[in-house]
Amino acid sequence: MDDVATPTLITVAPTGAETAKADAPALPVTLDELVATAKACEAAGAGVIHIHIRDTESAPTLDLGRLTDTVAAVREGTDLVVQLSTGGAVTDPYEARLGVLDADPDSCSLTCGTVNFGSDVFLNPWDFMVELYRKTQALEIVPEFELFDVGHVAALNRLLDKEGLPYGGHVHADLVLGVPGGAPGTPEAVVTMARMLPAGATWSATGVGRATMPVALSALAGGGHLRVGMEDTLTFAPGRPVRDNAELVERAASLATLALRPPMSTDEARSTLGIKDRRNGAGA
Ligand code: KMH
Ligand code: ZN
């Protein structure tokens, strides 16, 4: 497990694909809302933003033009590492999910296996994982491995054995816990999964819903990093809806500071993850 003295990488996942704007009015769904959210979260201590976008009806979309505009706008407005979701919504086809990388993000999510997702199924068969992984390597995009269950950690190790290291040479995973159908949001699950990661890997953890706080506290204690945001958490405390994404980042930053592992800067996030510099055409 990681050194417990390292600063904390905070990722914000502000929107997701599963919540309707009507059910959570503070959810950022337009480009303007997303950029404003990104700026507020950067100021509050985030280093990475995990992005899902919506169409004009606020429905999830993987439209390449919109994704490209989104990457450019968030890159222009902030210094955050721009990570696009390749998970999309549970209904998105594989081709569209592979196409996300053509929007030229710094990073992307890459889920290491299929998982029940409430009454849906989030499909990530082996051949799709490999194709997506090879595309990240070819395009020099840093993947963040999303692990919803213990078997996903085994699949990540198999992927690395067979396909080599990601672009940048560093492995970073996110343990997504508490999804109905995946591993529970408990300290035991955090420790079990973190221990199975390859030597030298860094990891963050995300607790969905009521798992938010136990998972965040377990991750900080275990040397891991944090992912927070309205993709995963809509209730700040029992009976109190989340006001906005920035308050979730502020809480994460406070917890990290209390743990003597304050938030890392965006520059530290870039060097920790091995991100290629695409700002101002630097990577062109
Ligand atoms: N929306 C979930 C089905 C990811 O972003 O890569 C998948 C998800 C994971 O959110
Ligand atoms: Zn996501």
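See the structure printed just above.
In what follows, the accompanying structure is described. The shown structure was predicted, so the numbers you read here are calculated from the model rather than taken from an experiment.

Re the pairing of strand 11 (residues 202–207)
1) Next: Taking burial as the measure, the six residues of strand 11 include six buried ones, the bulk of the element.
2) Next: What you see with strand 11 is no split at all: Thr202, Ser204 and Thr206 on one side and Trp203, Ala205 and Gly207 on the other are buried throughout.
3) Next: When strand 10 (residues 172–177) meets strand 11, the two strands line up parallel, connected through six bridges. When the bridges of strand 11 are listed, Asp174 appears paired with Ser204.
4) Next: The parallel pair strand 10 and strand 11, bridged by helix 6 (residues 187–196), forms a crossover whose chirality is right-handed.
5) Next: As defined by bridge partners, strand 11 adjoins strand 12 (residues 225–228) across two bridges and the pair is classed as parallel. Bridge pairing in strand 12 links Ala205 to Leu226.
6) Next: Handedness of the crossover joining strand 11 and strand 12 through helix 7 (residues 212–221): right-handed.

Description of the side chain of Asp106
1) Next: Looking at the element boundaries, Asp106 is found in the loop between helix 3 (94–99) and strand 6 (107–111).
2) Next: Reaching out from Asp106, the side chain makes a polar contact with the side chain of Arg75 at a distance of 3.0 Å.
3) Next: Apart from residues no more than four positions distant in its own chain, Asp106 is found in contact with Arg75, Leu80, Val81, Val82, Ile141, Val142, Arg270, Ile275, Lys276 and Arg278.

Thoughts on the coordination of the zinc ion (ligand 2)
1) Next: His50 (NE2), His52 (NE2) and Glu231 (OE) make up the full set of protein donors to the zinc ion (ligand 2), lying at 2.1 Å.
2) Next: Sequence spacing of the donor residues for the zinc ion (ligand 2), all on one chain, is H-x1-H-x178-E. Taken together, the residues span a long stretch of sequence, with His52 in the loop between strand 2 (48–51) and strand 3 (53–54) and Glu231 in the loop between strand 12 and strand 13 (235–237) at a distance of 179 residues.

Concerning the packing of aromatic side chains
1) Next: Evaluation of the coordinates by the stated rule reveals five aromatic pairs.
2) Next: Within the aromatic cluster, the residues linked to one another by ring pairs are Phe117, Phe122 and Phe148.
3) Next: One cation-aromatic arrangement involves Arg158 over Trp126; the distance from NZ or CZ to the ring centre is 4.0 Å.
4) Next: Across from the ring centre of Phe236, 4.0 Å away, lies the NZ or CZ of Arg251, which sits over that ring.

Some remarks on the site of ligand 1
1) Next: Taken together, the residues surrounding ligand 1 are Glu18, His50, His52, Ser85, Gly87, Gly88, Val90, Ser109, Thr111, Phe117, Phe122 and Glu231.
2) Next: Here an oxygen atom of ligand 1 and a side-chain polar atom of His50 are 3.0 Å apart.
3) Next: Between an oxygen atom of ligand 1 and a side-chain N or O atom of His52, the distance comes to 3.1 Å.
4) Next: Taken by itself ligand 1 offers 300 Å² of open surface, and the protein chains cover 97% of this.
5) Next: The residue makeup of the shell around ligand 1, split by class, is three nonpolar, seven polar and two charged.

Here is what the cut-offs are and how they apply
Per-chain numbering applies: the sequence of each chain, read as written, is numbered from 1 onward. Chain A is the first chain written and ligand 1 is the first ligand written, with later ones labelled in order. With pLDDT at 70 or above as the cut-off, local features in this predicted model cover only qualifying residues; side-chain atom pairs require 80 or more to be listed or tallied, and sums for whole chains, interfaces and linings still use all residues. By convention in this description, side-chain values take in all heavy atoms of the structure and omit both hydrogens and water. Accessible area is worked out with a 1.4 Å probe on protein chains only. A residue is then buried under 20% of its type maximum, exposed over 50%, and partly exposed in between. By the criteria applied, helices consist of DSSP H or I runs no shorter than four residues and strands consist of E runs no shorter than two, each listed in order from the N terminus. Paired strands, in this sense, are two strands between which DSSP finds at least two bridges. Think of it like this: strands point away, you trace from the first strand over the helix to the second, and a clockwise trace means the crossover is right-handed. Within 3.5 Å is the distance limit for a polar contact, defined as a pair of N or O atoms, with the added protein rule that one can donate a hydrogen and the other accept it, and that residues adjacent in sequence qualify only through two side-chain atoms. What makes two residues a contact is simply this: any of their non-hydrogen atoms within 4.5 Å. Donor criterion used throughout: N, O or S atom within 2.8 Å of the metal, extended to 3.2 Å for Na, K and Ca. Water excluded; incomplete-looking sites may result. Pairing of aromatic side chains requires ring centres within 6.5 Å, counting the rings of Phe and Tyr and the six-membered ring of Trp. Pairs whose planes differ by under 30 degrees are stacked, by over 60 edge-to-face, and all others tilted. The rule is short: NZ of Lys or CZ of Arg within 6 Å of the ring centre and within 35 degrees of the ring normal puts a charge over the ring. When we say a residue is near a molecule or strand, we mean one of its heavy atoms is within 4 Å of it. The protein chains shown are the only cover counted for residues, whose accessible areas, like all others here, come from Shrake-Rupley with a 1.4 Å probe. Residue classes follow a fixed rule: Ala, Val, Leu, Ile, Met, Phe, Trp, Tyr, Cys and Pro count as nonpolar, while Asp, Glu, Lys and Arg count as charged, and any other residue, Gly among them, counts as polar.

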